[in-house]
Amino acid sequence: MVAAPSDGTHRPSWWSSRLSPEEQELDIDLLGRAVAHRSLSGSPPWEEELVSKIKTLSALEKSLVLEAVRHCVQQDSQEKVPEASIPNLLKPFNLDLKSPLGKTLLFHLYGLILRETASEDLVGRHLAALLELSHQSSGHREGIALAVGITSTSHLEQVWAMLEHLGRTKFLRSALVSSDSQPDPDAHWRWIGSTTLLCYGRMALHAGKHILPWVDNIASRMVYYFWCSDHDNTLKTSFLSASIMLVKALSREVSAQRYKFTQIPELIQCLLCILENEPNILVNLFRQKIILVITELSHLRPRLKPTLKSRILQTCMQSLYTLPPAEVLKTSLPPLDPVPDVVVLYQKSAQALDLLLQNFVSENESMDEICFLLQHAEPWLKSNKSHECRRVVQSIFLLLKYVLDYVRLTEEALPSMLGRQVGLLTLLWRDKDKITQSHSSQCVYLLLQLLIQQKTGNTAEFINLNKMKNFEARVRRESEMKFYNLVKALDGNLTVAQHTQLVLTLLQGLCSRDILRCNLAAELLLMIVEGWSVKPEQVAEILQGLFQELPCIIFRDVLQTMMKAVTLLGTQHTQQTVEVMLSLCHPSERHVMPLWKALAANSRLARKVVTLLYVKLKLRPHRELIRFPVQAELMSLLALGAIYELLYVREYKATVRWAFAGILLGLLTQLHYLFELDVVEGIADHQEESLETQALSPCRTCLEALKGLFWTTNYWEVFAYLKLLRGWELFERLETYTEGVALLARAMAHYNCEVKAVLGQAVIFLKSPEERDNIVAILIITEFLNGQELTQYMSRKTMDNFLSLGLNNPNQLVRAMSLKGLSSILLQPKKVVLLRNRLAVLLDSFLKPEPKDLLGLMEILGDILHRLGTQGVGAISLKMAQHLLPLFENEKEGVRGGAIFLYGDVIYSGGKKFRQALKSHAFQALVPLLFHLADSCPDVVMKTKLTFLRCAILLKWEFRKELFGKLAWGRGLGAENDILIYMAWTHC
């Protein structure tokens with residue numbers, strides 16, 4: 001079995017509060033610089049006399065003394081101290097071996113004798129014998145290293161060679177045995193690595209002016225022994241002691257500042273490894289010493305790379321900031337005597353970290369470096385643990401104060417991340433810990449002072465900022481004016497990029513579970529937007545950041561405040577806001593809808609938003625300029641999706657009604673454009689009654705938006721007219737698209753649906769260079785000419801002029817429809833008499849007992865009624881209604897369907913004089929129509945539903961819209977029962 005070392009190496013690193021002499025060598029003076037408590041290489045006062053006596057000894061006498069000293073040390077390690085053998089031999093040296101430093105004096109004497117010996121053979125023999133001693137106790141390891149270090153003063157190369165040989169023979173053997181977890185027959189070699197590390201440290205300390213030629217070799221061996229040994233407490237302590245000695249040796253050499261070292265990063269990596277594995281308690285100054293050594297090493301050339309500096313900062317901050325609070329540290333201490341003062345230990349360790357941060361700034365006096373350091377403090381600025389926030393904010397405060405007092409920033413750097421760090425510090429202004437509150441607010445003001453000094457050197461502004469800071473520190477209360485002053489100062493001194501990062505950081509603060517922090521973030525953001533601090537180029541990042549944070553906001557008041565900010569942002573930068581929101585995600589996403597609703601908080605902004613969407617809808621590049629997939633390329637498709645969603649948003653209801661005409665023609669032309677692009681996949685596959693939520697294709701979205709436009713604006717009669725005639729299906733193919741537009745326009749004219757506004761838009765579209773615009777416009781205008789008295793909106797001369805222009809249009813359909821419009825009764829009033837006379841003749845044929853081609857005759861009668869439009873046919877309409885009713889029961893399906901459909905037109909063609917009589921007749925037709933809702937012919941059923949609904953509208957039933965729902969989507973006896981209930985309820 002391996003014997004345990006006498007100093008308790010198997011105990012945990014925190015077990016003993018005793019610090020070795022090497023651990024106590026570095027500390028921090030009042031000025032905050034790393035210094036030595038004592039001179040590590042300074043000669044004791046008795047050494048000179050001792051050396052003079054050694055020089056009088058012969059080689060044989062020296063050898064005998066060395067053997068005696070070694071024998072004494074060996075006996076002492078076995079706790080059998082011979083009292084008679086040593087005093088006589090050492091009597092000439094007048095050494096007090098009974099003192100606490102007795103053993104150290106022996107090793108010191110051993111080293112001095114070897115140093116003053118010229119014989120290399122004698123040095124080599126006794127040095128090897130010294131290294132053969134047991135390495136179990138810390139006293140032996142430190143004593144051997146002391147003797148080796150003193151010897152190296154005169155025999156540096158020989159000592160180096162001896163240590164190299166020791167490493168190849170004893171160390172590698174012990175390392176292999178240790179890695180195999182086998183018992184070591186030579187237990188005293190187990191800690192040879194720790195002894196060797198101390199030897200290298202002593203060699204560096206005694207190298208004097210020869211240190212630079214040897215420093216890289218010494219450092220590389222230290223690194224090698226560290227990584228090839230077990231990382232127990234003994235090894236870590238020895239490595240730290242050796243590192244301290246190396247740093248001390250280099251600090252005495254002036255030329256070291258010009259030397260280019262090769263092993264500094266490797267040494268630091270070893271120290272960081274030790275620091276990372278420190279237990280989460282505080283019983284000694286291990287952390288402080290490691291950080292101080294790293295600080296001293298960072299002074300040397302070449303400068304540390306950012307990646308290594310980053311790891312240094314992360315490890316040091318992690319090791320200190322994550323320690324439990326002082327109260328917990330006190331209760332978690334192991335039984336020690338005396339009990340360490342954890343508060344003092346932490347303060348010393350924190351001072352070491354402060355010194356490290358100050359050193360990094362001194363090496364690179366720029367705002368970039370400050371931001372680099374603050375960036376590594378961010379995880380603890382966002383911590384939910386109060387003591388961690390307090391510690392990191394205090395470190396930042398001391399760093400910034402040091403920079404302001406002692407550093408003159410040389411570069412006018414403008415790092416954008418500074419805005420983020422200001423934001424994180426600002427979010428702590430309402431922290432529950434008063435110290436954190438105070439330090440965080442002072443940190444923000446210190447950063448602003450640095451910015452002012454760096455950017456302008458404006459002393460007046462600097463003084464004003466100081467006054468504001470002092471006043472607020474004195475008052476110690478938060479108010480709206482305080483935040484207003486802060487926002488104003490930030491806006492005036494941060495760059496656009498920094499300001500953007502500040503806002504993004506505040507947005508992230510909205511998701512905190514701390515209500516105070518959330519409210520503070522929301523208030524500041526609202527104040528920033530209210531002050532017009534947001535530039536157009538910031539809108540995209542800010543809205544994207546808000547969109548990402550929205551799902552995580554848990555407080556309703558905070559969400560409402562942010563929606564106010566979005567409203568203001570949209571008011572100030574409407575175009576940028578709309579463009580960004582279109583690019584965030586598909587408009588149907590649940591989390592983006594609150595943003596759209598916020599833009600409808602006032603009617604003026606809502607109108608601007610819808611107008612912009614309409615403009616985006618018309619951005620339609622030619623097919624050859626488009627790279628597929630189309631869905632990812634076209635802004636018009638994004639605008640289309642947004643319009644479709646906003647139709648069903650209550651906040652936009654009035655705005656959609658206001659923009660009805662533009663949206664209508666925009667959707668109609670958009671659908672034609674998608675047909676041109678051949679993006680028709682999925683338009684005919686939509687199942688209206690399916691409960692499954694599925695993504696709509698562009699064409700289907702456009703068609704559903706078109707239908708939704710009429711339904712959501714309460715023009716449901718137009719929607720119903722096309723639905724019951726299966727007119728919406730006409731929009732699913734390009735071949736029947738024009739029929740669908742014409743049928744839609746006819747229904748709009750019949751129910752007086754936004755005729756004036758749509759007519760105005762159609763005239764504009766007719767003048768457009770785009771063919772699709774001309775087609776849609778002329779189809780609507782020609783239908784309106786037949787169905788409305790348009791002279792109340794536009795003179796005949798004006799209509800004649802723009803229709804005449806259509807005759808020269810390159811599109812054949814536009815020319816034909818323009819000619820048809822010019823021949824309408826509105827522009828040709830004399831045709832009214834002709835059509836009425838013709839109608840009378842046809843009616844005589846219709847009234848005969850067995851008229852020929854009854855279907856064709858009814859079709860012609862219907863066309864004449866349509867052309868006469870609002871002029872009506874007077875008493876003839878009642879006669880036609882009376883003779884159509886018996887045809888409802890005709891055995892031929894076509895005749896039944898034609899008669900029922902024509903009846904729906906006839907009851908609206910009598911004019912005001914015969915309206916009441918036609919209403920009475922329509923009431924008589926309800927029961928026959930009700931029976932034909934169950935007709936064997938689907939086409940007859942479809943026409944019956946439409947005529948039944950038109951009768952209900954004419955009779956002004958109370959539940960007309962509900963009736964349409966049952967007619968369109970109702971199935972079975974339940975639907976029929978509801979229809980009967982509506983009839984009965986209306987006529988009770």
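The name given to the protein in an unreviewed UniProt entry is Maestro heat-like repeat family member 5 isoform X7, and the organism recorded there is Vicugna pacos.

Right, let's talk about the overall build of the protein for a bit. For the protein, the count of helices and strands is 46 helices and two strands. The buried share among the 988 residues of the protein stands at 56%.

Next up on the list: the packing of helix H36 (residues 771–787) against helix H38 (residues 812–822). The interhelical angle for the contact between H36 and H38, taken along N-to-C directions, is 20°, at an axis separation of 9 Å. In terms of orientation, H36 lies roughly parallel with respect to H38. Seen along the crossing, H36 lies across H38 with a hand that is left-handed. Counted together, Asn 774, Ile 775, Ile 778, Leu 779, Thr 782 and Leu 785 of H36 and Leu 813, Val 814, Met 817, Ser 818 and Gly 821 of H38 form the full contact between these two elements. For the contact of H36 with H38, a count of residues per class yields seven nonpolar, four polar and no charged.

All right, on to the layout of surface pockets then. Here the largest pocket defines a volume of roughly 1500 Å³. For the largest pocket, the lining is made up of 47 residues, of which Tyr 721, His 750, Asp 905, Tyr 908 and Arg 950 are closest to its centre. Only helix H33 (716–724), helix H34 (734–750), H36, helix H40 (854–868), helix H42 (893–906), helix H43 (915–932) and helix H44 (938–954) provide two or more residues apiece to the lining of the largest pocket. Counting residues per element, the lining of the largest pocket draws most heavily on H40, at eight residues. Class assignment of the residues belonging to the lining of the largest pocket gives a composition of 18 nonpolar, 15 polar and 14 charged.

This part covers H33. The periodicity of an α-helix, 3.6 residues per turn, causes residues three or four positions apart to be oriented the same way. In terms of residue burial, H33 counts as a mostly covered element, since eight of its nine residues are buried. Those residues of H33 lying buried are Trp 716, Glu 717, Val 718, Phe 719, Ala 720, Tyr 721, Leu 722 and Leu 724. In this structure, the buried side of H33 is in contact with helix H32 (698–712), H34, H44 and helix H45 (960–969). Trailing H33 by a residue or two, Arg 726 shows a phi angle of about 55°, which is positive.

Our focus in this paragraph is empty space enclosed by the protein. Evaluated as defined, the whole model comprises five cavities of 30 Å³ or more. In this model, the largest cavity occupies a volume close to 100 Å³. Forming the boundary of the largest cavity are Val 503, Leu 507, Leu 525, Val 529, Val 534, Ile 542, Leu 543, Leu 546, Met 562, Ala 565, Val 566 and Leu 569. At the level of secondary structure, the elements contributing two or more residues to the lining of the largest cavity comprise helix H22 (496–509), helix H23 (515–530), helix H24 (539–549) and helix H25 (556–572). If one sorts the elements of the lining of the largest cavity by residue count, H25 sits on top with four residues. For the lining of the largest cavity, a count of residues per class yields twelve nonpolar, no polar and no charged.

The next thing to look at is the pattern of salt bridges. For the structure shown, the criterion picks out 27 salt bridges. Salt-bridge contacts for Lys 309 lead to Glu 369; the nearest nitrogen and oxygen are separated by 2.6 Å. One end of the pair, Lys 309, is in helix H13 (residues 306–321); the other, Glu 369, is in helix H16 (residues 367–381), with 60 residues separating them in the sequence. You'll find Lys 309 and Glu 369 in the same group, each marked buried. The salt bridge involving Arg 896 is made with Asp 935; its shortest N-O contact spans 2.9 Å. On the criterion of sequence distance, the pair formed by Arg 896 in helix H42 and Asp 935 in the loop between H43 and H44 is long-range, its members being 39 residues apart. Comparing Arg 896 with Asp 935 shows no difference in burial state: the two are buried. Residues participating in the shared-partner salt-bridge network are Arg 700, Glu 704, Lys 707 and Glu 732.

Let us now look at the environment of Trp 46. By the element assignment, Trp 46 lies in the loop between strand S2 (34–36) and helix H1 (47–54). For Trp 46, a relative accessible area of 30% puts it in the partly exposed group.

Ranked by internal contacts, the top residues of the largest apolar core, which has 340 residues, are Trp 596, Tyr 652, Leu 664, Phe 710 and Phe 731. A total of twelve residues in this core trace back to one element, the largest contributor, which is helix H31 (residues 660–677).

Summed over all chains, the structure comprises 27 aromatic pairs. With centroids separated by 5.5 Å and ring planes inclined at 80°, the aromatic side chains of Tyr 224 and Tyr 225 adopt a geometry described as edge-to-face. The exposure class of Tyr 224 is partly exposed, given its relative accessible area of 34%. Pairing Phe 226 with Trp 227 gives two aromatic rings, centres 4.9 Å apart and planes at 80°, and the pair type is edge-to-face. Members of the aromatic cluster, joined through ring pairs, are Phe 660, Phe 675, Phe 710, Trp 711, Tyr 715, Trp 716, Phe 719, Trp 728, Phe 731, Tyr 737, Phe 964 and Trp 969. Here the basic side chain of Arg 391 rests over the ring of Tyr 346, its NZ or CZ set 4.7 Å away from the ring centre. The residue whose ring lies beneath Lys 961 is Trp 711, and the NZ or CZ to ring-centre distance is 4.6 Å.

This brings us to the confidence of the model for the protein. Confidence in the prediction for the protein averages 85 pLDDT; 85% of positions are at 70 or higher. Low pLDDT, under 50, characterises residues 28–41; the stretch is placed with 31 contacts to residues that sit more than four places away or in other chains. The low-confidence segment residues 179–185, where pLDDT is below 50, has eight contacts with residues more than four positions distant or belonging to other chains.

Before going further, it helps to examine unusual backbone geometry. Cis geometry marks the peptide bond from Arg 301 to Pro 302, where omega comes out at -5°. Position of Pro 302 among the secondary structure elements: in the loop between helix H12 (286–297) and H13. The backbone of Trp 532 shows a phi angle near 55°, a positive value even though the residue is not glycine. For Trp 532, the location among the structural elements is in the loop between H23 and H24.

A few words now on the environment of Cys 228. Structurally, the position occupied by Cys 228 is in the loop between helix H9 (211–227) and helix H10 (233–252). Residue classification places Cys 228 among the partly exposed positions, given a relative accessible area of 36%. Placed 35 residues apart in sequence, Cys 228 and Gly 193 show a C-alpha to C-alpha distance of 8.6 Å.

What follows is about the side chain of Thr 295. Within the fold, Thr 295 resides in helix H12. There is a polar contact of 2.7 Å between the side chain of Thr 295 and the backbone oxygen of Ile 291.

Moving on to H16. The largest bend in H16 comes to about 35°, at Gln 375, with the proline Pro 379 one to four residues further on. H16 sits mainly inside the fold: twelve of its 15 residues count as buried. Along H16, the positions that sit buried rather than exposed are Met 367, Glu 369, Ile 370, Cys 371, Phe 372, Leu 373, Leu 374, His 376, Ala 377, Glu 378, Trp 380 and Leu 381. Packed against the buried residues of H16 are H13, helix H15 (342–363), helix H17 (386–406), helix H18 (417–426), helix H19 (434–455) and H23.

Here the focus is the packing of H33 against H45. Where H33 contacts H45, the axes come no closer than 11 Å and their chain directions differ by 20°. Between H33 and H45, the crossing angle belongs to the class labelled roughly parallel. In the packing of H33 onto H45, the handedness of the crossing is left-handed. Where H33 abuts H45, its residues Trp 716, Phe 719, Ala 720, Lys 723 and Leu 724 lie against Arg 960, Lys 961, Phe 964, Leu 967, Ala 968 and Trp 969. Here the contact of H33 with H45 is built from residues that sort into eight nonpolar, no polar and three charged.

For Leu 133, the location among the structural elements is in the loop between helix H5 (120–131) and helix H6 (138–152). Counting along the chain gives 59 residues from Leu 133 to Ile 192, while the straight-line C-alpha distance between them is 10.0 Å.

Reading the values: the criteria
- Residues numbered from 1 in each chain as written.
- Predicted model: local features only at pLDDT ≥ 70, side-chain atom pairs only at ≥ 80, totals over all residues.
- Heavy atoms only, no water.
- Helix = DSSP H or I, 4+ residues; strand = E, 2+ residues; numbered from the N terminus.
- Buried < 20%, exposed > 50% of the residue type's maximum accessible area, 1.4 Å probe, protein only.
- Axes fitted to C-alpha atoms, helices over the stretch in contact; angles between N-to-C directions.
- Parallel < 35°, antiparallel > 145°, perpendicular 65-115°, else oblique.
- Left-handed = near helix turned anticlockwise from the far one by under 90°.
- Contact = heavy atoms within 4.5 Å.
- Nonpolar A, V, L, I, M, F, W, Y, C, P; charged D, E, K, R; others polar.
- 1 Å grid on protein atoms, 1.4 Å probe; cavity = no way out; pocket = protein on both sides within 12 Å on 5 of 7 lines; lining within 4 Å.
- Points joined across faces, edges and corners; volume = space filled by probe spheres on them.
- Salt bridge = Lys/Arg side-chain N within 4 Å of Asp/Glu carboxyl O.
- Core = buried A, V, L, I, M, F, W, Y, C linked by side-chain atoms within 4.5 Å.
- Phe/Tyr/Trp six-rings, centres within 6.5 Å; stacked < 30°, edge-to-face > 60°.
- Lys NZ or Arg CZ within 6 Å of the ring centre and 35° of its normal.
- pLDDT = per-residue confidence, 0-100.
- Polar contact = N/O pair within 3.5 Å; in protein donor to acceptor, adjacent residues only side chain to side chain.
- Bend = angle between axes of the 7 residues up to and from the residue.

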